[in-house]
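Letter by letter, the chains look like this.
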Amino acid sequence: ADKTPEISEIEKKVQLMLTDLENEIAFNKTLFERIRQVYDKQHDQLTGEDQKLLEEIYKGFVRKGALLPADKMERMKAINLRISDLQQQWGDQLQDATNDAVVWVDKKEELAGLSDADIAQCQKDAESRGGKAPYAIVIVNTTQQPLLATLDNRDLRKKVFEASIHRADGTNAKHNTFAIVSEIAKLRAEQAELMGYPNYAAYSLENTMAKTPEHVYDFLKNLIKAYAPKADAETKAIEDFARKSEGADFQLQPYDRFYYSAKMKKAMLDISDDEVKPY
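The sections below set out a description of the structure shown in this document. It should be emphasised that the depicted structure is a prediction, and the values quoted were computed from it without experimental measurement. (Residues numbered from 1 in each chain as written. Predicted model: local features only at pLDDT ≥ 70, side-chain atom pairs only at ≥ 80, totals over all residues. Heavy atoms only, no water.)

Here's the deal with the environment of Leu-252
Relative to the elements of secondary structure, Leu-252 occurs in the loop between helix H9 (213-246) and helix H10 (254-269). Put simply, Leu-252 and Lys-225 are 27 residues apart on the chain and 23 Å apart in space, counted from C-alpha to C-alpha. If we skip the residues at most four places from it in the chain, Leu-252 touches Thr-235, Ile-238, Glu-239, Arg-257 and Tyr-260. (Helix = DSSP H or I, 4+ residues; strand = E, 2+ residues; numbered from the N terminus. Contact = heavy atoms within 4.5 Å.)

Section: unusual backbone geometry
A positive phi angle, close to 75°, is found at Lys-211, a residue other than glycine. Under the relative-accessibility criterion, Lys-211 is labelled partly exposed at 45%. A positive phi is found at Asp-270, a non-glycine position, where the angle reads about 55°. Within the fold, Asp-270 resides in the loop between H10 and helix H11 (273-276). (Buried < 20%, exposed > 50% of the residue type's maximum accessible area, 1.4 Å probe, protein only.)

Regarding the packing of helix H1 (residues 5-26) against helix H4 (residues 70-100)
Look at H1 against H4: their axes get within 10 Å of each other, and the N-to-C directions meet at 160°. As judged from the angle between their axes, H1 and H4 are roughly antiparallel. For the crossing formed where H1 meets H4, the hand is right-handed. Every residue of H4 that contacts H1 at Ser-8, Glu-11, Lys-12, Gln-15, Leu-16, Thr-19, Asp-20 and Asn-23 is listed here: Lys-77, Asn-80, Leu-81, Ser-84, Asp-85, Gln-88 and Asp-92. Taken together, the residues that form the contact of H1 with H4 break down as two nonpolar, seven polar and six charged. (Axes fitted to C-alpha atoms, helices over the stretch in contact; angles between N-to-C directions. Parallel < 35°, antiparallel > 145°, perpendicular 65-115°, else oblique. Left-handed = near helix turned anticlockwise from the far one by under 90°. Nonpolar A, V, L, I, M, F, W, Y, C, P; charged D, E, K, R; others polar.)

What about the nonpolar core?
Within the largest apolar cluster, 18 residues are counted, with the highest numbers of intra-cluster contacts made by Leu-111, Leu-114, Cys-122, Ile-137, Leu-151, Leu-156 and Val-160. Taken together, the elements giving at least two residues each to this core come down to strand E1 (103-105), helix H5 (116-128), strand E2 (135-137) and helix H6 (154-165). Among all residues touching Leu-114, those that are not within four sequence positions of it are Ile-119, Cys-122, Leu-147, Thr-150 and Leu-151. One finds Ala-26, Met-76, Ile-180 and Leu-187 within the second-largest nonpolar core, a separate group that totals 15 residues. (Core = buried A, V, L, I, M, F, W, Y, C linked by side-chain atoms within 4.5 Å.)

Below, the structure is given as structure tokens:
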């Protein structure tokens with residue numbers, strides 16, 4: 001939430017230390033053997049929370065690789081360290097990409113629709129980032145940008161939206177996270193293989209409510225079947241509303257949705273998000 005270069009450097013060191021510690025505990029043969037002795041000999045004698053705690057601890061060690069042969073155990077340790085390093089790199093790169101994905105604005109008139117407070121913030125953000133232009137729209141760390149709901153300038157809405165969605169996808173080679181994501185995915189697949197699972201999804205879901213990838217896909221398919229018609233109808237309603245002011249040929253784009261949805265809500269219900277925010 002408050003990452004600075006100094007915090008990032010400390011985090012890199014501490015994260016590796018923590019992963020080393022996790023490996024040291026997870027693959028401690030003496031410790032696990034004591035846990036297994038209790039599990040094998042006392043599990044059925046225990047009840048309630050005691051039995052559940054024993055099961056969770058024992059199965060937790062097994063899932064991390066405590067029963068693996070020595071060569072696979074060493075490989076699992078190495079994978080854990082590499083994934084920890086890659087996740088740290090990804091977090092740093094995303095933060096840098098978000099900081100760099102600033103949309104510079106030359107004229108106050110281009111910010112029409114924004115509140116005085118938002119415009120003042122754009123001015124402050126421009127000053128704090130070197131003043132390349134009088135105003136700057138800073139990208140926040142979510143896919144959607146709140147200012148899209150009130151920004152009248154369609155071209156500027158498009159710039160803000162694209163700055164957000166392309167922040168780390170290789171559009172700017174400096175912030176391309178694909179190589180990191182790809183390596184993490186391959187390492188996780190190898191983890192699953194070492195543990196005897198067909199894929200990482202099967203491995204990671206085993207202890208969840210869903211249990212299997214098939215259950216997840218079934219849930220998503222049912223969700224899409226139920227929700228897609230509603231989503232399509234809502235999109236058409238927003239587009240039809242926009243065409244009343246923009247013309248019959250207007251095609252609703254992702255960067256238009258928040259804007260015209262807010263206007264439609266105001267026209268139909270006489271309510272705006274600003275009125276709800278205090279609650």
